[in-house]
Amino acid sequence: MFSYEEIKTIRNHFPSLNNQDNHRIYFDNAATTQKPVQVINAINKYYCHLNSNVNRSFNLLDQWTNNDLELSRTNMKDFIHAKYRDEIIFTSGTTESINLIAFCLSNMINKSDDIIISHSEHHSNIIPWQVLIQNKNAHLKVIPVNSEGELNLIVLKQLITKNTKLISISHVTNTFGIINPIQKLIQTAHKYKALVLIDGSQAISHISIDVQKLDCDFYVFSIHKMYGPTGLGILYGKQKVLDKFTPYQGGGGMIEQVTFNQTIFSGLPFKLEAGTPNIAGIIGTNKALTFLGNYSMIQIKHYENKLIQYAIQMLMNIHGIQIYYKNSKRTQMLSFNIEKIHYFDLGQLLNNYGIAVRTGTHCAQPIMDYLNINGTIRLSFALYNTMAEIDIFYHYLIKCLYILSYDQKHSTFKVNKFKRIRINT
Ligand code: PLP
């Protein structure tokens, strides 16, 4: 658990949290996190002092930049406990990582093969597979969720066959923050020789990841959700699987030799990284890893869990609230609706008070359809959020509910009952 002083120090690393013009409570960290000054400075330094391409000119600047970029790759390998550096591919984000895998797997998928996803995937873990199976006349199967909002592994056992080529599942759902039982899923998949892709976008900055222990074939995520820059993602793949991939894109930086008759591609990771990479972003990523490395994941998880439990405890005082899967194993996120209140109205009003939450379907329409709802209000925390912010949020939430004609007579909320621990007023 972090102390009051530690959280204050953490918050001081984030210029946007201390920007008086922009003073607000930011509870939309599942969409993207704020960036620490170390990341911003590293990007600034690259553009002010280095600014060269990589693996092209072989001048001193190019070499320095290249060293920085490869250091980031090595540190990322260590961060997710991959075996080899070559297993870390830089992409533009989770979306590109999944599309790249779908493209490269397409020549391994035949008519009547199937791909399995779950009911609560982000659209970027649905659409690439839909496109692939349509092109191949293959099948898409969907694992439903159980009463805890987790993958129903009993149904998985009925769906999986020897024709299943891939299971692609989120580690943590982006709608409700539910932690899926991926270890068991991976074991089941491998019995059928199916590959497993884990979308770790909502897990990477909250849970310690060991891809070797998990034994997943792919693990993908976006850097902007882990205190790093936008426009950058990671595709981890087992070397023996990535070796079989033919390049997704052709261009500079991924070849040994090109003639008009044929091209000889470089080995991993370069054959999957055509064109000039997001150099500044990759250098910034290294600083995001250093920042996160200052804290243990257990400590982060513990602290964020305290925040989430505190928020749930407060919200439960509101009559007519539904917190989805509130007792399930979760990370730092929760979603709710309040009877007779439209999530959009509430989100807009909270925004007027300087509180940023996410409303809508969260790019996961199928799970909303399954629950027969149009959307939710989502709160998602990061390690710089505080209980004092939750107090303030709750105070304004009640205010907004009054404005939206919430029936006060039925309410049991008691704002003053909670101790305020303001640190950033
Ligand atoms: N998968 C999950 C679970 C997500 O939460 C998100 C983004 O919210 C994505 C995929 C897509 O990430 P990006 O837009 O950074 O590619």
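Look up: the structure comes first, before these words.
Residues numbered from 1 in each chain as written. Predicted model: local features only at pLDDT ≥ 70, side-chain atom pairs only at ≥ 80, totals over all residues. Heavy atoms only, no water.

A.B. asks: Describe unusual backbone geometry, with residues and values.
C.D. replies: Following leucine 268, the chain continues to proline 269 via a peptide bond in cis, the omega torsion being -5°. Along the chain, the position of proline 269 falls in the loop between strand E10 (263–265) and helix H10 (279–293). Despite not being glycine, tyrosine 227 has its phi angle at roughly 75°, a positive value. Here tyrosine 227 shows up in the loop between strand E7 (218–222) and strand E8 (233–237). Residues other than glycine seldom take positive phi values, yet lysine 340 does so here, at roughly 65°. With respect to the helices and strands, lysine 340 occurs in the loop between strand E12 (333–338) and helix H12 (343–352). (Helix = DSSP H or I, 4+ residues; strand = E, 2+ residues; numbered from the N terminus.)

A.B. asks: So, a positive patch on the surface: which residues are in play, and what are the values?
C.D. replies: A surface patch of positive charge is lined by Lys157, Lys184, Lys191, Lys301 and Lys329. Residue placement: lysine 329 occurs in the loop between strand E11 (321–323) and E12. (Patch = residues over 30% accessible without salt bridge, like charges linked within 9 Å, V, L, I, M, F, W, Y side chains within 5 Å. Areas by Shrake-Rupley, 256 points an atom, 1.4 Å probe, with all protein chains shown as cover. Salt bridge = Lys/Arg side-chain N within 4 Å of Asp/Glu carboxyl O. Lys, Arg positive; Asp, Glu negative; His and termini not counted. Charge placed at Lys NZ, Arg CZ, Asp CG, Glu CD.)

A.B. asks: Any chance you could break down the site of the ligand for me, citing the residues and the numbers?
C.D. replies: Taken together, Thr94, Thr95, His122, Ser124, Asn174, Asp199, Ser201, Gln202, Ser222, His224 and Lys225 make up all the residues around the ligand. At 2.5 Å from a nitrogen atom of the ligand is found a side-chain nitrogen or oxygen belonging to aspartate 199. One of the side-chain nitrogen or oxygen atoms of lysine 225 is found 2.6 Å away from an oxygen atom of the ligand. Notes on the ligand: free accessible area 400 Å², of which the protein chains cover 85%. Tallied by class, the residues present in the shell around the ligand amount to no nonpolar, nine polar and two charged. (Near = heavy atom within 4 Å. Polar contact = N/O pair within 3.5 Å; in protein donor to acceptor, adjacent residues only side chain to side chain. Nonpolar A, V, L, I, M, F, W, Y, C, P; charged D, E, K, R; others polar.)

A.B. asks: Give a description of the sheet that holds strand E5 (residues 164–170) that names residues and reports values.
C.D. replies: Spatial ordering of the open sheet is given by E2-E8-E7-E6-E5-E3-E4, a layout of seven strands whose pairing is mixed. Every interior strand has two partners, whereas the edge strands, strand E2 (88–91) and strand E4 (139–143), have only one. Between one strand axis and the next, the sheet turns through 20° on average, direction left out of account. Bridge count between E2 and E8: four bridges; the pairing is antiparallel. Paired with threonine 91 across the two strands is glycine 233, which belongs to E8. Sheet strands in contact with helix H3 (residues 60–79) are E2, E7 and E8, and its direction is about 120° off that of E2. Running at roughly 150° to E7, helix H4 (residues 94–105) makes contact with E2, E5, strand E6 (195–199), E7 and E8 of the sheet. (Pairing = 2+ DSSP bridges. Axes fitted to C-alpha atoms, helices over the stretch in contact; angles between N-to-C directions. Contact = heavy atoms within 4.5 Å.)

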